[in-house]
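Report on the structure
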Amino acid sequence: MILSKRSFNILFALFITSILPSPYLLYEQTPSTVPIAKNNSTLTNISVIPYPEFIDKKNSTVTISNGFRIISKQNLTEDLQLALHRYSKYISLLTGISVTINQTFLSPRNKLIIDCPSIISKIDKYPKLGEDESYKLNITKTGSYLYSLSLTGIIRGLSTFVQLIEQHESSNTFYIPLVNIIDRPRFMWRGLLLDVSRHWMPVPVIERTLNTMELSKFNVLHLHLSDDQGFRVEKMTKLFPDPYFHIGGDEVEGSQWTQSPTIQQFIKEHNLENNLGLQAYFNKRIQKLLKKYGKIMIGWEEILDEIHENQTIDKDAVIQTWLRQQATANAVKNGYQVIVSNGYYLNRLLSSINYYKVDPILRNNLYLPREQQQNNILGGEACVWSEYIAANSVDSRIWPHALAIAERLWSPSSITNENFLYERLFRMNHLFDTMQTGVTHISLYKSQLQNFILDPKKKLDLLQPLIILADVCEPCGPQERSKIYTYSANTPLTTFTDVLQSESELIWKLGKLPINDELSYRDIFQTWSINHLLLRELFDNIEKTKNQKIWGQDIEQLSLNLANTGQIGLRILDYNSKKILNSDKNNIMNSWTLSYWICYHKTLLRQLEIQVKEVRLAAVRPVLRLFDSIQTIP
């Protein structure tokens, strides 16, 4: 049973795994017909994410105009036709022009010509892990050409093509740079785990997640269907045709086994020694059952901790590491294939660069022959555990952070520039919205914030200052939230922090401002310092207690903290221009040393950043950056 639209070629397997138009096998012996050139060392201004392996960019462009056509050299299979319709819609939404699909060859201009010679009939091939995903995309003055050996590769190339589209600043015309791109993935397994057990995710959430995964070149959807909060569907092998089946196996607590005389007697009779031996025995039996149904077992790293004499799981099992870095090296050295999730937990709401720096091979100290690394490290998988995530917030918890992981798993390890990552990451985040992929974290952002303004007469007046506040805040992860309240699967996740974007784009942009751009900084800091006054009516409401219950977090204190942050920023600008520590000549700060003044404000800013529980005031970061730029004399 396929749960998604057939057009995605996405398959699902227990709790588990789905394979999007599939991956390139790193250890495949048969050479690809698409040659891979040596990677260019200098990054171009091509705003594609994940970044291709090879790009040759010319200093010229070609215009896309009305009547643009996508032409296939081969007969259209059902999946190819659906894919071309999907991407023609994206092109139309990006440019406003009409796009048609046909097989009529006239002039090659204003066309994208698709060539996939492996398509020899109208019957679609079922995708599988190990399929060739490489493609070649050549944009010239005389025409645009996309070549791949597989439908999967064609879709990867189409994802790149739509990202190449740019608009002229001075006109309403659109163009694509002249480029020659040759590309393939670094890892075959580029997954996203979505926990639909803690909080159920309806079908539209799954479908829009598949849309954005495809554009990001992910190829595995792992559905976590079973946990304490619910077993969502029943055994599983008949429902999902994919070969991979995840058994879990992590965090086995075991106290009930210890207290059970029957279980302890079983351990003794089978010479299993202890609970770990019992778990190993169980895993071995499960693996045997899965093989009976033609499935490959995947388990979390703990299943290797539970090895007992004569109960070693077979080497065809796949180990998914999540807790310890050393677990990856241990599994590889023992001959197991590995999926790396350690460092890829999106629900922890770290910065995109934190995820970007996690390399499945380089980070895990795998001092092994290159061939062994390639054969045993299948790739990585981003994980979205939903204890604090529901259908209304899942999009902002996946995107744009997941794009950093998508690039790390697809692109060469040499692509590491942080600023270049953020430029493309935030751009793609907006493209998801423009192309109407279905994700709602941008399109519904303002209306969700407006829901916190209960007085209908004040919704319009108070919305903009509330947006100003929200734009410089970020949600805290589960470590912080679990300390504040006891959440359950029935707790509504509709508070202020649940609406926030996972990472502030505005604060990133401020981090790029030149330190000496006083006018821009002053304008921003003045806006922050007076914003609390503009929101005053929201806090003066006689139903303030009711408001706070809906807000969830203390928005009033957060607003006041933003005002204080803006005032501190203005003090820095005054110091830089006038060399005074406080505009009030009688203020005691003017008697302080510069070093003490800086230290005092840095401490204050760090307190303001985390004072309101469950929310991080990201606005303090550019102010701290300005303090760090001040030259002090020891």
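In the block above lies the structure referred to throughout.
Since the model is a prediction, treat every value here as computed from it, not as a measurement. (Residues numbered from 1 in each chain as written. Predicted model: local features only at pLDDT ≥ 70, side-chain atom pairs only at ≥ 80, totals over all residues. Heavy atoms only, no water.)

**Some words on the pairing of strand β18 (residues 377–384)**
What counts, and what does not: Relative accessible area decides the class of each residue, using a 1.4 Å probe on protein chains only: under 20% of the type maximum gives buried, over 50% gives exposed, and in between gives partly exposed. What counts as a helix is a DSSP run of H or I of at least four residues, what counts as a strand is a run of E of at least two, and both are numbered from the N terminus. Whether two strands pair comes down to DSSP finding at least two bridges between them.
For β18, a buried count of eight out of eight residues is recorded, marking the element as mostly surrounded by other parts of the structure. With three bridges joining them, strand β17 (residues 337–340) and β18 adopt parallel strand pairing. Residue V338 lies in a different strand from β18, and its bridge partner there is I377.

**Focus on the packing of aromatic side chains**
How we decide: Working definition: a ring pair exists when centres of Phe, Tyr or Trp rings (six-membered ring for Trp) sit within 6.5 Å. Plane angles under 30 degrees give stacked, over 60 give edge-to-face, the rest tilted.
Scanning all chains against the criterion turns up 21 aromatic pairs. With centroids separated by 6.0 Å and ring planes inclined at 25°, the aromatic side chains of F68 and F161 adopt a geometry described as stacked. Of the two residues, F68 is situated in strand β3 (residues 68–72) and F161 in helix α2 (residues 151–164); the sequence distance between them amounts to 93 residues. F161 shares its class with F68; the two are buried. Pairing W592 with Y596 gives two aromatic rings, centres 4.9 Å apart and planes at 90°, and the pair type is edge-to-face. The partly exposed category is assigned to Y596, whose relative accessible area is 47%. Ring pairing ties together the aromatic residues W300, W322, Y345 and W385, which thus form one cluster.

**Observations concerning the side chain of S148**
Inclusion rule: Distance and chemistry together define a polar contact, namely a pair of N or O atoms within 3.5 Å, with one atom able to donate a hydrogen and the other to accept it when in protein, and with adjacent residues in sequence counting only for side-chain atoms on both sides. Should any heavy atoms of two residues lie within 4.5 Å, those residues are considered in contact.
Note that S148 resides in the loop between β7 (143–147) and α2. Relative accessible area serves as the criterion here: at 0%, S148 is assigned to the buried category. A polar atom in the side chain of S148 sits 2.8 Å from the backbone oxygen of S134. A distance of 3.2 Å separates a polar side-chain atom of S148 from the backbone nitrogen of S150. Once residues within four sequence positions are removed from consideration, S148 is found in contact with D115, C116, P117, S134, Y135, G153 and I154.

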